[in-house]
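Chains, contacts and geometry: an overview
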Amino acid sequence: MSGGTLSWSSFTARFPWWAGSVTTVAILGAFTIYSIFIVFFQPVGEYGGYLLSPMYSPPVPSPIDWLSPAIFVLWIPLGFRLTCYYYRKAYYRAFLWDPPNCSSKAQQREPRSPENYSGERNLWVFNNVHRYFLYGSIIVVAFLLYETIRAFFPDGFGITIGSLLFLLNVVLLSGYTFGCHSMRHLAGGRVDCYSCVRGGNLRRKSFQWVSVLNGRHMFWAWVSLFSVWGADVYVRLLMAGVITDLRLV
Amino acid sequence: MSEQDAQQKDMASKAHADVHQDESDAAQGTTRLKIFRGDAEGGSEVEYEIPNIEGMVVLDAVLYIQAHQAGDLAVRWNCKAAHCGSCSAEINGKPKLLCKTRVEEYEGQEIRVHPMRAFPVIKDLVSDVKWNYEVARSTIPFQSDEQAPFIMYEEDVERLYEPKKCIECFMCQDVCHVLRTHHKHPEFAGPRFFVRNQWLEMHPKDTQSRLEYLKEGQGGIGYCNITKCCTEVCPVNIKITDNSIIPLKERVADEYYDPAKWLMRKIRGRRSPKTGAVVGRNGNRNGG
Amino acid sequence: MESNGQTNGHRDRHEVREHDILIVGAGGAGLRAAIAAAERGLSVGVVTKSLIGKAHTVMAEGGVAASMGNVDADDGWQTHFMDTMKSGKFLNNWQMVEIFAKEAPERVYELEQWGALFNRTEEGKISQRPFGGHTYRRLCHVGDRTGLEMIRTLQEKTLATDTTVYMETTVTRLFKNDEGQVVGALAYTRESGRFIHFKAKAVVMATGGWGRNYKVTSNSWEGTGDGAVLAYDVGAELVDMEMVQFHPTGMVWPPGVRGLLVTEGVRGEGGILRNSEGERYMENYDSEKMELSTRDVVARANYTEVTEGRGSPHGGVYLDITHLGYNGIMKKLPVMYEQFKNLADIDISKEPMEVFPTIHYVMGGIKVDPETCVTNVPGLFAAGECAGGLHGANRLGGNSLSDLLVFGRRAGEGAAEYAKSNGYSTEIDDSQLETEKQRVLEPLERQDGENPYELQQQVQEAMMEHANLMRNEESLKEGLEKILAIKERVPNVKAHGSTLFNPGWHAAQDVRYLTQISEIILRTALERKERRGAQWHLDYDGPSDELGKINFIVKKDEQGEIGIERREIPPMAEHLSRLFDEGDDKHGGEQQGKESQF
Ligand SMILES: Cc1cc2nc3c(=O)[nH]c(=O)nc-3n(C[C@H](O)[C@H](O)[C@H](O)COP(=O)(O)OP(=O)(O)OC[C@H]3O[C@@H](n4cnc5c(N)ncnc54)[C@H](O)[C@@H]3O)c2cc1C
Ligand code: SF4
Ligand code: SF4
Ligand code: FES
Ligand code: FES
């Protein structure tokens, strides 16, 4: 275990100090461009009546023709990620260079002067709404769960690559959503004395479960991003007829 | 005196004398270190060369130099065992405990030792950390209206052991960009003190609220943008950002940024997080 | 910042600070005293050589002993009293021990009231662990960082009062007024070398021990015995100075960490000692208490095993805690795990540790009154490790931390009462001040001289060789000669550089303390011609009945030399002596078994 992390850190130490920032910018940038592109220029990602791309769930009918229904849904997961404590760290570091990383060399390059730095006090104070995005996201995850069940019924029960992909996606998204820091606070973080409140033991247990997920929040954040992305791409490839959804059972 | 006694006596004087031999035996080759020498007015790196001792930490090297080559080389240390947090300095630009950092970690690299840079330099490896103790004084201390002995269960306090491990090395303060780059010292308490405020806030028997201090007062938690440099350097592995700062930010959000919570407080009155009972509205949690 | 003359010239300038009470030392004892005095509304100044929170107290690991009986309901102050007296071989000041055993639980609960957090029992009380020589499970602890918890709590409590803390400031002399009362001190700040004259109605010494007299030690650079020597210089009596505790288990490898403490908590949690032949040898030394025998016994056992050739490759014995498993260790002894992992590349959940005795604690110290901690010099108080009398010939693990609390508080209150009821002058003669400043600066001004680090090392080596845990007359005498020779050279030390944070200059001050204390240790050790507790005199077969009734009291005589007085221990009060069973030997008999053979 520790040997592994050691060599990983010595591995990453070989990269220049800006390498982390550039990677994050590249991935997050690509994802943003991709989502804007599909929302405005692509049809709803749905295939065969049983695979609805996670970017379109829950399916809200759009009142305006040219506007994709995704607009009415996507703001929740996007807002959730935008205000997520982990992604905040990632983009403050990567996009704003506040700071780019922790070495003294990198910190000397912070673009903001002390007078202009206000952390999360001014503009970024809106990140405190994160918990509301969490509430929204829990609902979204519930719909995704429903969509995943549907994905197992292409025509009667069946298992396809698509349904497995959807299952994986919902698991990873749940890991991300239920490992959220606001969730942790809600579950039991805000209670100071479990033995003094009603249902304290349950709250303590849920706090511990959430804490386990939360311990690897960064991991869940990335893998769930890729799984959503992957599921949408998969559905689009099916729609375009490039591949077919291989049926296993 | 019996023969056995005589033997004992003989050995008594020998056993501890062996120690010195170990040291010279173990010496093979030399190590070079560059150490900042200077004071508030400025200074520069000076290179020293010392004999290798097996398993040596950087502090051993610095103390060797002090004893044999530069008697006035200033460095802080006490325990030599990573318990006291005195020997913080920057090695190759990263804050480290000198007594915990082995020289062999840097094989094939330069070793450049500097004082912590977020604080004014006094001399050589010693910087002026007084400011931290002023922040300590500004923190609202523990207060309980119950009389000890307390009945507290392990499950209620297990979260508090982690922040309590802090050895006050102030390396997290050193590496925090809010302090190092943006010099927000007067309005920002820094990670070490968020750690302390966290256990105070979560202590089952404490009756004070520190949320106002954290948001409006000298705490200045809003300046922290959770970029985790503090967590990366903590020598006792406190997950400062995840387990101290973010939980406090969530509590501050409860109090100041959550309209639903605000409404609920208006309707149902303030509730104690200890007992769920309604308490006074002045922000203090007593009276329940 | 004002510019502090860095070379000469500034001698005529010094700051004056006035407090009702000056406390020298910010370990557990000093801080507890400060809180007690500040709570009585007095102005308090605390002086410490390091930053606040870095004194030895922070390194204490195992726990604080108090007989609350949370785990073993049978425990009570009486048993704690008896354990402490037995371990101290009845040299202890029994009045102190009584007060101590009775008040310890209350003092620990007080810490809890101030926010300290100890491990809990199932019932939600403070948990207690077993330790060597304690009949019951008695040590309140939090993992293996009890001292950290304690000093943090006291430090935060102190900072919440009006107490002024002078960090990194070193006291070099105590001043008396014309009536012979201690009324202040001279100190210099390490940062700049600026002098401060403290005026105070009472001074409390809480400067800790002098483990730095020895080469292999668990103590930091601070443990040079300043307090005892400063008190001795103004005429205070010292007691039991021959008694120096070796902790049975210090690290042996790598060389840089030799002497670092391995907490007794390891044995408390069931750690087993074995020699290189795999034998659990404590069987031969104390078959009843085994690893949890008192420190003097276990230290000698470890020492004997190694000297008789049954040691490990690096010259230690094996201490094995692997049976707790990784999780158990991380819960009970996480600091030890990290320490070995980091510094010695050893995973103690898989391999045994190598350990050997290391200097750890001094039982002797400034003689004080049990009630108020006042010394024989009016205006001078002492508490903590630098005070003597509580522990007798051998300290029990965990008794030091409670000592700090119980007598720290008493010293603070005693000093406060004294300061309130005395309206004399704190003025002193300017010449006293000037002479002292001159003396302190001399090492810097001298053209040429001895390297203080080298002298320090020579003292440490001499003490290690001659005043070890096994002693004999010949070797002690040889040691004394060496120390006296070094003492001659002390006035000639030379420090290079300026007064600005200059460790060489600081070390030049410390060697004086080290040589003075070493001489006292050797002289009193030569006097105690018996085997008792930490004084294991090989020329004698066992304890002497006669010496068991005597404390050696050291005081500066008219010629300025070390005067040693044999002082009879007053007979124990009826209600206390009754506690010991008929059969119990009240005069320090040693355990049976191999122990009594040498
Ligand atoms: C590694 C280790 C582990 C231990 N574990 C335990 C344990 O588990 N249980 C237990 O009961 N005991 C333990 N002890 C013993 C106990 O910690 C000490 O005996 C105790 O902390 C001493 O406290 P003190 O307040 O008397 O002095 P210290 O804590 O030593 O403090 C001395 C203070 O005096 C100051 N000072 C000294 N000289 C001067 C001067 N000239 N001018 C100004 N200031 C000065 C120092 O700066 C310091 O602040 C342990 C000790 C060590 C070293
Ligand atoms: S997480 Fe916050 S406190 Fe920690 S280093 Fe970053 S800005 Fe500073
Ligand atoms: S939180 Fe960690 S890094 Fe910060 S002062 Fe405490 S021990 Fe040091
Ligand atoms: S903190 Fe990342 S989702 Fe809430
Ligand atoms: S000397 Fe104590 S932490 Fe390094």
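Just so we're clear, the structure is a prediction, and the values are computed from it rather than from any experiment. (Residues numbered from 1 in each chain as written. Chains lettered and ligands numbered in written order. Predicted model: local features only at pLDDT ≥ 70, side-chain atom pairs only at ≥ 80, totals over all residues. Heavy atoms only, no water.)

When helices and strands are counted, chain B shows 13 helices and nine strands. Looking at chain B residue by residue over its 288 residues, the buried ones come to 61%. Taking contacts inside chain B between residues at least 6 apart in sequence as the whole, the part at least 24 apart equals 59%. In the form shown here, chain B has an accessible surface area of approximately 11,000 Å², with 48% of it arising from carbon and sulfur atoms. (Helix = DSSP H or I, 4+ residues; strand = E, 2+ residues; numbered from the N terminus. Buried < 20%, exposed > 50% of the residue type's maximum accessible area, 1.4 Å probe, protein only. Contact = heavy atoms within 4.5 Å. Areas by Shrake-Rupley, 256 points an atom, 1.4 Å probe, with all protein chains shown as cover.)

Bringing the pattern of salt bridges into the picture now. Residues and elements named next belong to chain B. Summed over all chains, the structure comprises 91 salt bridges over all chains. A salt bridge links Arg180 to Asp174; the nearest nitrogen and oxygen atoms lie 4.0 Å apart. The burial state of Arg180 is the same as that of Asp174; both residues are buried. Here Lys228 and Asp242 are joined by a salt bridge, their closest N and O atoms 3.1 Å apart. Of this pair, Lys228 sits in the loop between helix H10 (211-215) and helix H11 (229-233) while Asp242 sits in helix H12 (residues 240-256), and the two are 14 residues apart along the sequence. The partly exposed category is assigned to Lys228, whose relative accessible area is 21%. We classify Asp242 as buried; its relative accessible area is 10%. (Salt bridge = Lys/Arg side-chain N within 4 Å of Asp/Glu carboxyl O.)

This part is about the side chain of His56 of chain C. Within the fold, His56 of chain C resides in the loop between strand S2 (44-47) and strand S3 (64-65). If we ignore the near neighbours within four places in the chain, the residues touching His56 of chain C are Asn219, Ser220, Glu222 and Gly223 of chain C.

With that settled, the discussion passes to the site of ligand 2. Taken together, 13 residues sit near ligand 2, with Cys176, Cys224, Thr227, Lys228 and Cys230 of chain B positioned nearest. At the level of elements, helix H8 (177-180), H11 and H12 of chain B are the ones that each hand at least two residues to the shell around ligand 2. (Near = heavy atom within 4 Å.)

Residues and elements named next belong to chain C. With respect to topology, five strands assemble into an open sheet ordered S17-S15-S10-S20-S21, the strand pairing being mixed. Each end of this open sheet is capped by a strand with a single partner; those strands are strand S17 (387-388) and strand S21 (562-568). In the packing of helix H5 (residues 226-233) onto the sheet, contacts are made with strand S10 (238-239), strand S15 (365-367), strand S20 (550-556) and S21, and the angle to S20 comes to roughly 70°. Contacts from helix H15 (residues 503-527) reach S10, S20 and S21, with the element oriented near 45° to S21. (Pairing = 2+ DSSP bridges. Axes fitted to C-alpha atoms, helices over the stretch in contact; angles between N-to-C directions.)

Residues and elements named next belong to chain C. Sheet architecture is open: three strands sit in the order S3-S5-S4, paired in antiparallel fashion. Here the strands that pair on one side only, and so sit at the sheet edges, are S3 and strand S4 (128-129). Across two bridges, the pairing between S3 and strand S5 (residues 139-140) is antiparallel. Bridging across to S5, Val64 finds its partner in Cys140.

All right, on to the site of ligand 1 then. Residue and element names in this part refer to chain C. Surrounding ligand 1, one finds 39 residues, the nearest of these being Thr57, Glu222, Asp226, Glu385 and Leu401. Contacts to ligand 1 include Gly398, whose backbone N or O atom sits 3.3 Å from an oxygen atom. Measuring from an oxygen atom of ligand 1, one finds a backbone N or O atom of Leu401 at 2.8 Å. Relative to its unbound accessible area of 1,000 Å², ligand 1 is 98% covered by the protein chains. Sorting the residues of the shell around ligand 1 by element identifies helix H1 (28-39), strand S7 (169-176), strand S14 (353-362) and helix H11 (399-421) as the ones contributing at least two each. Per-class residue counts for the shell around ligand 1 are 13 nonpolar, 20 polar and six charged. (Polar contact = N/O pair within 3.5 Å; in protein donor to acceptor, adjacent residues only side chain to side chain. Nonpolar A, V, L, I, M, F, W, Y, C, P; charged D, E, K, R; others polar.)

Moving on to H15 of chain C. Three or four residues apart is the spacing at which side chains of an α-helix point the same way, because the helix has 3.6 residues per turn. Residue and element names in this part refer to chain C. The first and last C-alpha atoms of H15 sit 36 Å apart over 25 residues, in line with the 36 Å expected at 1.5 Å per residue. Where burial is concerned, most of H15 is hidden: 23 out of the 25 residues are buried. For H15, the capping residue at the N-terminal end is Asn502, with a side-chain oxygen 3.0 Å from the backbone nitrogen of Gly504. (Expected span 1.5 Å × (residues − 1).)

In this assembly, 48 residues from chain B lie in contact with 43 residues from chain A. Together chain B and chain A conceal approximately 3,900 Å² of surface at their shared face, both sides included; 47% is due to carbon and sulfur atoms. When the buried surface of chain B facing chain A is broken down by residue, Arg159, His182 and Glu250 of chain B rank first, second and third, together holding 16% of it. Joining chain B to chain A, the criterion identifies eight salt bridges. Note that Asp254 of chain B and Arg131 of chain A form a salt bridge whose closest N and O atoms lie 2.5 Å from each other. Our enumeration of links across chain B and chain A arrives at 35 residue pairs in polar contact (both at pLDDT 80 or more). Broken down by secondary-structure element, the contributors of at least two residues to the side of chain B that touches chain A are helix H5 (154-157), H8, helix H9 (191-202), H11, H12 and helix H13 (259-268) of chain B. (Buried area = accessible area lost by both parts, 1.4 Å probe.)

Attention now moves to the domain arrangement of chain B. Residue and element names in this part refer to chain B. Considered domain by domain, chain B is made up of domain 1 (3-127) and domain 2 (130-287). Counting the surface lost from both domain 1 and domain 2, the interface buries some 1,100 Å², and carbon and sulfur atoms represent 60% of this. Where domain 1 packs against domain 2, one counts one salt bridge. Glu90 serves as the salt-bridge partner of Arg180, at 3.2 Å between the closest nitrogen and oxygen. The tally of links from domain 1 across to domain 2 stands at five residue pairs in polar contact (both at pLDDT 80 or more). Looking at the side of domain 1 that touches domain 2, the elements with two or more residues in it are strand S3 (88-91) and strand S4 (94-97). Ranked by the residues each element gives to the side of domain 1 that touches domain 2, the list is headed by S4, at three residues. By residue class, the composition of the side of domain 1 that touches domain 2 is seven nonpolar, three polar and four charged. (Domains from an automatic or database assignment.)

Attention now goes to the interface of chain B and chain C. Taken together, the contacts link 73 residues of chain B with 84 residues of chain C. Between chain B and chain C, the buried area comes to about 6,700 Å², and carbon and sulfur atoms account for 55% of it. One can count six salt bridges joining chain B with chain C. One salt bridge in this structure joins Arg152 of chain C and Glu168 of chain B, with 3.8 Å as the shortest N-O distance.

On to a nonpolar patch on the surface, then. All names here are of chain A. A cluster of nonpolar side chains, namely Leu82, Leu123, Phe126, Val129, Tyr132, Tyr135 and Leu186, defines an oily patch on the protein surface of about 570 Å² accessible area. Mapped onto the fold, Tyr135 is located in helix H6 (residues 130-151). The exposure class assigned to Tyr135 is partly exposed, which follows from its relative accessible area of 31%. (Patch = residues over 30% accessible without salt bridge, like charges linked within 9 Å, V, L, I, M, F, W, Y side chains within 5 Å.)

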